[in-house]
Amino acid sequence: MSATDWHEYVGAIHIHSTHSDGTKSIDEILPIASQAGLDYILVSDHMTLKGLEEGKEGFYGDLLVLIGYEIHDLNHHNHYLAFGLKEVLSPELSPQEYVKEVEKGGGVGIIAHPDEVRQLLRKFPCYPWTAWDALGFNGIEIWNHMSEWMEGLTRINILKMAIHPRRMLRSPTARILKIWDQLSEKRPVVGLGGIDVHGYPFKWGPFKLTIFPYKVQFRAIRTHLLLRDPLSKNLAKARQQIYSAIKSCNAFISNYRWGDARGFFFGFEVKGRISLPGEVASLGQGGKIVCQSPRRANLRLVCGGNLVFETFGNSFEYSPKEAGNYRLEAYISRKGWVFTNHLRLS
Ligand SMILES: [Zn+2]
Ligand SMILES: [Zn+2]
């Protein structure tokens, strides 16, 4: 198996439409996503599957649209993205219960914006995940632009942040990467990028502007999925392929702002056989970690939360001596560009 035996699909996850608090309808969102060159989008309105009920799931040209929803608890906290369900669960459930129910229903469950913190804008409170004892979630949003932007706001930089929203963004927080690395020690937990796009206008005194319109967000945080077979044109099969790639952690995240990361490769090679993030490989027969990047970048290899190797360039090879969960971070001008899922070496 070689790198070319995989098929890469690039999409945006965590999208709100007018079915909840987004400002564009699904029909209006579709051409914007297509023009941005996305292969798939995952829509997740708050507590509703109306888009699914209206039959909006499907292919629109080459764009695949899948519809889940964003669950919250009775206090509007503990947001959880649920995909692959046919019905909305009871709003009475606790986070521990809805995590379990999504798993039981064969769905995909992703903890949304897990570590939100903010100092300013009291009328937009933060919604961190607090129910870490919930069992059975598939993954966490390790990068959410909205959370990062809100956290970075101060009274001094607010105008600059509003005028250059994407330029001010750096990377997932060290806090969430630490949580993710720790969770991944016990079992595979997929890390995804969530755009959490609403396109709503933001007001600060006399200023009113849309900080993160759909068009801009579709050119920012993207989740690249690696599939063994080309994406089927049959909706049921394609849906299963996308959700299974997410559950299996066959994914990496990029910020398109710093370059198109299509073709970025990170894997483990032994005797011509290549394992990718999400897969388990044995160190018993030697082998090397291989990374290839379409752009020169600062490439950082992390194992168990610790930096083990770092270089600048288009590629590197590294012979790991220790078993562990390895992932790759790529930075361009100190801005986070690519974050892969863990390659599990035993
Ligand atoms: Zn949310
Ligand atoms: Zn949301």
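Residues numbered from 1 in each chain as written. Chains lettered and ligands numbered in written order. Predicted model: local features only at pLDDT ≥ 70, side-chain atom pairs only at ≥ 80, totals over all residues.

**Q** Please clarify how the domain arrangement of the protein chain should be interpreted in this entry.
**A** Many authors give the size of an interface as the accessible area that is lost as the parts come together. Domain annotation for the protein chain reports domain 1 (3–258) and domain 2 (265–345). Relative to domain 2, the C-alpha centre of domain 1 lies at a distance of 25 Å. Between domain 1 and domain 2, the contact holds 24 residues from the first and 19 residues from the second. Listed by contribution, the elements that provide at least two residues to the side of domain 1 that touches domain 2 are strand E7 (139–144), helix H6 (174–186), strand E8 (190–194) and strand E12 (251–255). At five residues, E12 tops the list of elements feeding residues into the side of domain 1 that touches domain 2. The residue inventory of the side of domain 1 that touches domain 2, partitioned by class, reads 13 nonpolar, seven polar and four charged. (Domains from an automatic or database assignment. Contact = placed C-beta atoms within 7 Å. Helix = DSSP H or I, 4+ residues; strand = E, 2+ residues; numbered from the N terminus. Nonpolar A, V, L, I, M, F, W, Y, C, P; charged D, E, K, R; others polar.)

**Q** Help me understand helix H3 (residues 95–104), please; the structure alone is not making it clear to me.
**A** Residues Pro 95, Tyr 98, Val 99 and Val 102 constitute the buried set of H3. Seen end-on, H3 carries its buried residues on one side only, within an arc spanning 105°. Residues of H3 that are buried in the fold lie against strand E4 (63–71), strand E5 (80–83) and strand E6 (108–111). (Buried ≥ 20, exposed ≤ 12 C-beta atoms within 10 Å, placed from the backbone. Arc of directions from axis to C-beta.)

**Q** Any chance you could explain the nonpolar core here in plain terms?
**A** Most often, soluble globular proteins keep nonpolar side chains buried together rather than apart. Core analysis: the biggest nonpolar cluster contains 90 residues, and Ile 41, Ile 142, Ile 246 and Ala 251 have the highest contact counts within it. Among the elements that make up this core, the one with the highest residue count is strand E16 (residues 288–303) (seven residues). Looking at this core, you find at least three residues from each of domain 1 (3–258) and domain 2 (265–345). When residues no more than four places from it in sequence are discounted, the contact partners of Ile 41 are Gly 11, Ala 12, Ile 15, Ala 33, Leu 63 and Val 65. (Core = buried A, V, L, I, M, F, W, Y, C linked by C-beta atoms within 7 Å.)

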